[in-house]
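Next come the chains, spelled out residue by residue.
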Amino acid sequence: GQMGVKKITKKELGEIEDRKLFIKNLQLVKEVVSKHTKDKDFYIYGVDISLTNTGVTLFKNNIFKSNSNKFKGTRYQRLLKLEESFRKQVDSHFPGLVIIEGYAYSASGKITVVAEATYAVKRELVIKSIPCLTVSPMSLKKFITGKAHGVEKKEIFNKIKSLGIDVKNHDEADSCGLAMIGFWVLKLASVMPKNIPNDDLEIKKFINDFISKYKILENHWQVIFNVIKDDGDEINRFL
């Protein structure tokens, strides 16, 4: 080969592809959310779904408001109650973007219950054409605590409390973390240049400028980047 020409490694090539996908998906997120919200006053929702206690955090104007409902009754009565309470919330507080927690596939026994509860929430998102992104449980743990494995529920709760946010339980703490991810996704979309950078050096510059301007922690950035890269093209799934 020629002198001084550096061969791109497979890893670097993968990173370039990832960044291109990230930018493409971010553009899609921007378009979908702008179209959905169109000059409306909106909230970012974080929803930690469960049949026993679904945590919901609404974020707007730098204020987090978390709530959770303990549903009583049979499994199916609780499903209906969850659906009804989420519907009321959505009707009174317009969501511009909803971030929900994905499935913890390791919890095999509970997966069917969580899947049914997730449908109760998703059904509302489908009916109202609300944009939604999904964050895996491990990504959420990493975002909040800096580590994906061996995280106890109380660590997440304590971390959110330490930020001065009022949460009553770990479901609300989880939903708060999800709403934060939603905030950063929309922040990125809002500062994205009109002409999407196509060249990898431009993309890297956009990313680095964003990270340094907002002093984003590495664990935060990795999660935000991956959510957009892996799930951004699904943003219009319910539209």
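That block above? That's the structure.
Residues numbered from 1 in each chain as written. Predicted model: local features only at pLDDT ≥ 70, side-chain atom pairs only at ≥ 80, totals over all residues. Heavy atoms only, no water.

Remarks on the environment of Glu218
What counts is decided by this rule: Numbering of helices and strands starts at the N terminus; helices are DSSP runs of H or I of at least 4 residues and strands are runs of E of at least 2.
Mapped onto the secondary structure, Glu218 falls in helix H8 (residues 218-231). As for Glu218 and Asn62, which are separated by 156 residues in sequence, their C-alpha atoms are 22 Å apart.

Examining unusual backbone geometry
Applicable threshold: A simple rule labels every residue: compare its accessible area, found with a 1.4 Å probe on the protein chains alone, to the largest value its type can have, and call it buried under 20%, exposed over 50%, or partly exposed in between.
Positioned with a positive phi, Asn62 is a non-glycine residue whose angle comes to about 65°. Checked against the element boundaries, Asn62 lands in the loop between strand E2 (53-60) and strand E3 (63-70). Taking the relative accessible area as the measure of exposure, Asn62 reaches 65% and is therefore exposed.

As for the pattern of salt bridges
Pairing is possible between side chains of opposite charge, provided their charged atoms come close. This is how the line gets drawn: Criterion for a salt bridge: a side-chain nitrogen of Lys or Arg within 4 Å of a carboxyl oxygen of Asp or Glu.
What the rule picks out here adds up to 16 salt bridges. One salt bridge connects Arg87 with Glu124, and the closest N-O pair in it is separated by 3.5 Å. Pair noted here: Arg87 is in helix H2 (residues 75-92) and Glu124 is in helix H3 (residues 111-127), with a separation of 37 residues, a long-range link. On the basis of relative accessible area, Glu124 is assigned to the buried category, the value being 2%. Salt-bridge contacts for Lys128 lead to Glu124; the nearest nitrogen and oxygen are separated by 2.2 Å. Under the relative-accessibility criterion, Lys128 is labelled partly exposed at 29%. Each of Arg87, Asp91, Glu124 and Lys128 takes part in one network of salt bridges that share partners.

A closer look at the packing of H2 against H3
To keep things clear, this is the line we draw: Between the N-to-C directions of two axes lies an angle of 0 to 180 degrees, each axis being a line fitted to C-alpha atoms and, for a helix, fitted only over the stretch in contact. An angle below 35 degrees is treated as roughly parallel, one above 145 as roughly antiparallel, one from 65 to 115 as roughly perpendicular, and anything else as oblique. Crossing handedness is defined as follows: a turn of the near helix away from the far one that is anticlockwise and smaller than a right angle gives a left-handed crossing, while the clockwise case is right-handed. Contact criterion: two residues are considered in contact whenever any of their non-hydrogen atoms come within 4.5 Å of each other.
Here H2 crosses H3 at 30°, and the two axes come no closer than 9 Å. Between H2 and H3, the interaxial angle falls into the category roughly parallel. Of the two elements, H2 crosses H3, and the hand of that crossing is right-handed. Across the interface between the two elements, Arg75, Tyr76, Leu79, Leu82, Glu83, Phe86 and Arg87 from H2 touch Thr112, Val113, Glu116, Ala117, Ala120, Val121, Arg123, Glu124 and Leu125 from H3.

Here we look at the side chain of Ser66
With respect to the helices and strands, the residue Ser66 is situated in strand E3. For Ser66, a relative accessible area of 15% corresponds to the buried category. Excluding residues within four positions of it along the chain, Ser66 makes contact with Val56, Thr57, Asp166, Val167, Lys168, Glu172 and Cys176.

Re empty space enclosed by the protein
To find leftover empty space, one rolls a probe the size of a water molecule over the atoms. What counts, and what does not: Buried and open spaces are told apart on a 1 Å grid over the protein atoms alone, a cavity being a set of points where a 1.4 Å probe fits but cannot get out and a pocket being an open set with protein on both sides within 12 Å along at least five of seven lines. Residues with an atom within 4 Å of a point are the lining residues. Grid points are joined across faces, edges and corners, and a volume is the space filled by probe spheres set on the points. Amino acid classes used here: Ala, Val, Leu, Ile, Met, Phe, Trp, Tyr, Cys and Pro are nonpolar; Asp, Glu, Lys and Arg are charged; the rest, including Gly, are polar.
By the definition in use, this model includes 1 cavity of 30 Å³ or more. Of the volumes computed, that of the largest cavity is approximately 50 Å³. Thr54, Val56, Asn67, Ser68, Asn69, Phe71, Leu82, Ser85, Phe86 and Gln89 together form the lining of the largest cavity. Every element with two or more residues in the lining of the largest cavity is listed here: E2, E3 and H2. When grouped by side-chain class, the residues that make up the lining of the largest cavity number 4 nonpolar, 6 polar and no charged.

Some details on the nonpolar core
Quick reminder of the rule: The criterion is simple. A nonpolar core is a set of buried Ala, Val, Leu, Ile, Met, Phe, Trp, Tyr and Cys residues joined through side-chain atoms within 4.5 Å.
Within the largest apolar cluster, 44 residues are counted, with the highest numbers of intra-cluster contacts made by Phe22 and Leu188. Looking at this core, the elements with two or more residues in it are helix H1 (10-37), strand E4 (95-101), strand E5 (132-135), helix H4 (137-145), helix H5 (153-162), helix H6 (170-191), helix H7 (200-214) and H8. Here this core takes 11 residues from H6, the largest share from any one element. Within the second largest apolar cluster, 21 residues are counted, among which are Val56, Ile100, Leu125 and Phe238.

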